[in-house]
Structures are given as structure tokens and as C-alpha cells.
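The lines below spell out each chain.
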Amino acid sequence: MYTTALPTARDRKLTPEHEEIVKATLPAVGANIATIAQTFYRTMFGNHPELLANTFNRGNQKSGEQQKALAASVATFATMLVDPNAPDPVDLLARIGHKHVSLGITEDQYQIVYENLFSAIAEVLGADVVTEEVAAAWSEVYWIMADVLITFEKKLYASDGVENGDVFRDVAVVDKQELTDTVTTYTLEGDLTEARPGQYTSIGVVLADGARQLRQYSIIGQEPGRYTIAVETEGEVSTHLREKVQVGD
Ligand code: HEM
């Protein structure tokens, strides 16, 4: 999926009142980002266990750094909105958008992230810091960022002629080569669109406990309707592929 439109947000503005509030509370949010991130995922996966099983990489949840990425990107975006000298986070937004479409993320899911992220911010910073005005100011930040991402993601889906979020295709394994003790290549055949150089694809497998976990792998070769991917054995999905998935599956 590819579009020449960039997810630039430089022209987006908060209302002046919200800008002042975000400026004043950004240090507190920034200082607590790790705890906010942890609380956010704990709350969201408690409310929506299917997101941990089927959409998020549950291996990433063991790493605090990975957990921080989403909440920290909202703080980076807020910095851009309140500081005219801060760089336009266009590369960050593009990377997030591409990752989201590779996972089939859709507009309605932004409300789920919103509710759980904001309940985490209120829980961590406390009701005396997160007053109604502060919550309204940060909500505006969130929804401006969400709007930029949703618009970009819709363009990416449209560029491949697929419905929003409808990115998964059944494929057959037509070749498997164990190149080294840890690297295996797979050639997959199905209703696949043409990939551009450097693109990756998400591979989903249903594991023994019923979770559908997704991982991204570089496409190292293609023919019409076929991708070849190289997979390094390092986690539960790559191990499942190496041990359980054979030509003909
Ligand atoms: C404004 C809202 C959102 C922001 C700022 C955001 C931000 C991010 C960031 C920074 C990443 C890491 C990108 C990378 O790989 O470099 C990411 C990945 C991801 N996002 Fe979002 N996101 C948002 C909304 C959503 C929504 C609504 C969903 C769906 C429930 C979602 C699901 C994911 C998933 C599954 C990943 C891959 C990471 C993993 O599996 O652990 N995000 N997002």
C-alpha cells in the first residue's frame, strides 16, 4: 500500500485556551509516560482481551520501551502543536499509519484507544491535575492526531483498492527453505497485491491457545500473486512457522 500524500499536521492548531493548558501539563505527562503507557495497556487489554490476543503483538508487551511508543507519540504530537519550532513529526505519523494498515486497524478502534488512554492519564496524574479543562485540551490533541492518522490510513487502504481494514488474505505455502539454523524463507501464494520495494507484510498465525498473532516480515521477492518472505526464528510466531507450517499449508 502506498500513497504520495504525507500525513503532515503542521497546519493543525489547538484552540488558544487548550494550547496553554497542553503547554502547562506537557511536562507532567512526559515525566509519567512509562506509567501512563503501562496503565493504558493493562486497562485496555482488561476491557478488550481480543485486542491483545488478535491485534497487538503480545511479545512487545513484555518490553517497557515498546509499550511507551503509542503514548509517547501523542506527547511528541502535542509538542509539535504547542511549539512552532518543534519538527513536523511527518515521518513518525507515516510509520504509524503504515504499521496500522498492515494490521487492518479501523477508524472505530480509535474510540477504544481514546477511552482507555484517557482513563490511564487520569488514573496516573490524578483528578487534581486532570481537571475537566485539562482532559478537554488533551482530548483535542488526541483527536487531531487521530484524524491525521485515520485520513492517511484511509488513503493507504484506497491505494490498494481494499475496504478499510480488509487486509488479510488466505495464502498457501508453495515453498519453504531453511537457509540457516535461524533463517527460513517462505513463498506464499494468494490474492496478493503488488508490493513496492522495501515493503513488509503482516503474517497472522493462530497459535495453540487460539490467539491470532501478527508479525511483520520483509518481502524479499515477488511474482504476481506470490510473496517470498525471510523469517528469523526469534519468537512465538516465527517458531510456530518454522516448526508447524509446511509446503501445502
Ligand atoms: C491516535 C491514536 C494512536 C496513536 C498515536 C498510535 C500510535 C502508535 C505507535 C507510535 C505505534 C508504533 C509504530 C511503530 O512500529 O513504529 C503503533 C503501533 C500499533 N498500534 Fe497504534 N496508535 C493509535 C491508535 C491505534 C488504534 C486505534 C489501534 C487499534 C486498536 C492501534 C493498534 C496498534 C498496534 C496493534 C500497533 C503495533 C504494535 C504492537 O503490536 O505492539 N493503534 N501505534
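Here the structure is a predicted model, which is why all the values come from computation and not from measurement.

Some words on the site of the ligand
Near the ligand lie 19 residues; those nearest to it are N57, N60, R95, K99 and H100. Interatomic distance of 2.8 Å between a side-chain N/O atom of R95 and an oxygen atom of the ligand. Between the ligand and H100, the relevant distance is 2.8 Å, taken from a nitrogen atom to a side-chain nitrogen or oxygen of the residue. Here the ligand is seated within the largest pocket. Going through the elements one at a time, α4 (64–82), α5 (90–102), α6 (109–125) and α7 (132–159) are the ones with two or more residues in the shell around the ligand. Split into classes, the residues belonging to the shell around the ligand amount to 11 nonpolar, six polar and two charged.

Regarding the pairing of strand β2 (residues 183–190)
Note that strand β1 (residues 171–178) and β2 share seven bridges and pair antiparallel. Pairing of E178 across the sheet is with T184, part of β2. The turn joining β1 and β2, which pair antiparallel and follow one another in sequence, is formed by four residues. The sheet contact formed by β2 and strand β5 (residues 226–232) spans seven bridges and is antiparallel. Its bridge partner being in β5, T184 is matched across the sheet by V231.

Quick word on α7
The first and last C-alpha atoms of α7 sit 40 Å apart over 28 residues, in line with the 40 Å expected at 1.5 Å per residue. G161 sits one or two positions beyond α7 and adopts a positive phi of about 70 degrees.

Considering the sheet that holds strand β3 (residues 200–206)
Taken together, the five strands give an open sheet; going across it, the order is β1-β2-β5-β4-β3, and neighbouring strands pair in antiparallel fashion. With one partner strand each, in any of the chains shown, β1 and β3 form the two edges of the open sheet. On average, adjacent strands in this sheet sit at an angle of 40 degrees to one another, irrespective of strand direction.

A look at the environment of E194
Structurally, the position occupied by E194 is in the loop between β2 and β3. A relative accessible area of 63% places E194 in the exposed class. Not counting residues within four places of it along the chain, the set of residues in contact with E194 comprises Q199 and Q222.

Each value, and the rule that gives it
Residues numbered from 1 in each chain as written. Predicted model: local features only at pLDDT ≥ 70, side-chain atom pairs only at ≥ 80, totals over all residues. Heavy atoms only, no water. Near = heavy atom within 4 Å. Polar contact = N/O pair within 3.5 Å; in protein donor to acceptor, adjacent residues only side chain to side chain. 1 Å grid on protein atoms, 1.4 Å probe; cavity = no way out; pocket = protein on both sides within 12 Å on 5 of 7 lines; lining within 4 Å. Sits in = over half its atoms within 2 Å of the grid points. Helix = DSSP H or I, 4+ residues; strand = E, 2+ residues; numbered from the N terminus. Nonpolar A, V, L, I, M, F, W, Y, C, P; charged D, E, K, R; others polar. Pairing = 2+ DSSP bridges. Expected span 1.5 Å × (residues − 1). Axes fitted to C-alpha atoms, helices over the stretch in contact; angles between N-to-C directions. Buried < 20%, exposed > 50% of the residue type's maximum accessible area, 1.4 Å probe, protein only. Contact = heavy atoms within 4.5 Å.

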